[in-house]
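# A look at the structure
Given next are the chains, with one letter for each unit.
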Amino acid sequence: MRRHRPASGTPSPARRAGLLAVGLALAAAAVGLRSAGLTPEERTAHLTWTGGVGDEISASRFSARVKTIHVTRAVETTDMTGRVESAGTSGIFLVADVEATARRRPQKLGRPVLLTETGGRYAATDKIDGSLTITDPDIQVGWWTEGVVVFEIPAAALAGSRIVLAPQNGFIEEALLPEAEIDLGLDGAAAERLISNAKDVYQLASNK
């Protein structure tokens, strides 16, 4: 009986699986070589580009901009099915309107972080469905993707705070990922004014 084999230019499924395994091993080795000699702190460090509200911050793989910020006591969300939910807090919600674009290939943003003047760190709140924020869409090359970031923080943490945006880490963890750090430009007086003018409810709806 005649046996059939793949054409010379088309690897068999087993060979393709083998090539994929070799490729992943080589990629892991390359990352390992780049990380060799780094301290644990350096392996988790980022390359940081900084700016203020309204600035376009170009951070290697992507560019980002915080356009405006709002303070609110509650956030009301409406998903794509029309379901309405409300999230409250004993502190405040900081809502930032942001936009981002990719430089060379599509990116997806990781969970944003807010840094405080005293060294505190707050991840974006999980009280808001991630599908309603800037972390949901793929950030494409050539046009700006708009969305929001929402943090739940004590009112005292607002002055001197900065927002950090960075792409998700890949399947193989990389050292020195790029990040954009945006200074919100809020001294004590500016933070107090923003808090005193806080909205009772900020409405956030799905645009899908």
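Values in this document were obtained by computation on a predicted structure and should not be read as measured data.

How each quantity is defined
- Residues numbered from 1 in each chain as written.
- Predicted model: local features only at pLDDT ≥ 70, side-chain atom pairs only at ≥ 80, totals over all residues.
- Heavy atoms only, no water.
- Pairing = 2+ DSSP bridges.
- Helix = DSSP H or I, 4+ residues; strand = E, 2+ residues; numbered from the N terminus.
- Axes fitted to C-alpha atoms, helices over the stretch in contact; angles between N-to-C directions.
- Core = buried A, V, L, I, M, F, W, Y, C linked by side-chain atoms within 4.5 Å.
- Buried < 20%, exposed > 50% of the residue type's maximum accessible area, 1.4 Å probe, protein only.
- Contact = heavy atoms within 4.5 Å.
- pLDDT = per-residue confidence, 0-100.
- 1 Å grid on protein atoms, 1.4 Å probe; cavity = no way out; pocket = protein on both sides within 12 Å on 5 of 7 lines; lining within 4 Å.
- Points joined across faces, edges and corners; volume = space filled by probe spheres on them.
- Nonpolar A, V, L, I, M, F, W, Y, C, P; charged D, E, K, R; others polar.
- Salt bridge = Lys/Arg side-chain N within 4 Å of Asp/Glu carboxyl O.

## Thoughts on the sheet that holds strand β6 (residues 121–123)
Taken in spatial order, the five strands of this open sheet run β1-β9-β8-β5-β6, and their pairing is mixed. On the outer flanks of this sheet lie β1 (46–52) and β6, each paired with one strand and no other. Within the sheet, the average angular offset between the axes of one strand and its neighbour, ignoring direction, is 25°.

## Details of the nonpolar core
Counting residues in hydrophobic clusters, the biggest one holds 34 residues, and the most contacted among them are Leu94, Phe151 and Leu158. Listing elements by their share of this core, those giving two or more residues are β2 (57–59), β3 (62–78), β4 (84–102), β7 (145–153), β8 (162–165), β9 (177–183) and α3 (188–196). Tallying contributions element by element places β4 first for this core, with six residues. With residues near it in sequence (within four places) discarded, Leu158 still touches Val71, Ile92, Leu94, Ile153, Leu186, Ala191, Leu194 and Ile195.

## Side note on the confidence of the model for the protein chain
Per-residue confidence for the protein chain averages 83 on the pLDDT scale, and 75% of its residues sit at or above 70. Contacts from residues 1–11, a stretch scored under 50 in pLDDT, to residues over four places away or in other chains number four contacts. This stretch, residues 15–38, has a pLDDT under 50; its non-local contacts, to residues over four places away or in other chains, come to 14 contacts.

## A look at the layout of surface pockets
In this structure, the second largest pocket occupies an estimated 240 Å³ of space. At the level of secondary structure, the elements contributing two or more residues to the lining of the second largest pocket comprise β7 and β10 (202–205). It is β7 that provides the largest number of residues to the lining of the second largest pocket, a total of four residues. Residue composition of the lining of the second largest pocket, grouped by class: six nonpolar, six polar and three charged.

## Re unusual backbone geometry
Of note in this structure, Ser60 is not a glycine but carries a positive phi near 65°. Following the sequence through the fold, Ser60 ends up in the loop between β2 and β3. Residue classification places Ser60 among the partly exposed positions, given a relative accessible area of 30%.

## With respect to the pattern of salt bridges
Scanning the entire structure with this criterion turns up eight salt bridges. With a shortest N-O distance of 3.1 Å, Glu146 and Lys67 are connected by a salt bridge. Placement of the pair is Glu146 in strand β7 and Lys67 in strand β3, with a sequence separation of 79 residues. A residue is classified by how much of its surface remains accessible, and Lys67, at 34% relative accessible area, is partly exposed. Note that Glu152 is salt-bridged to Lys127, the shortest N-O span being 3.0 Å. Here Glu152, found in strand β7, pairs with Lys127, found in the loop between β6 and β7; they are 25 residues apart in sequence, far enough to count as distant. Each of Glu56, Arg65 and Glu99 takes part in one network of salt bridges that share partners.

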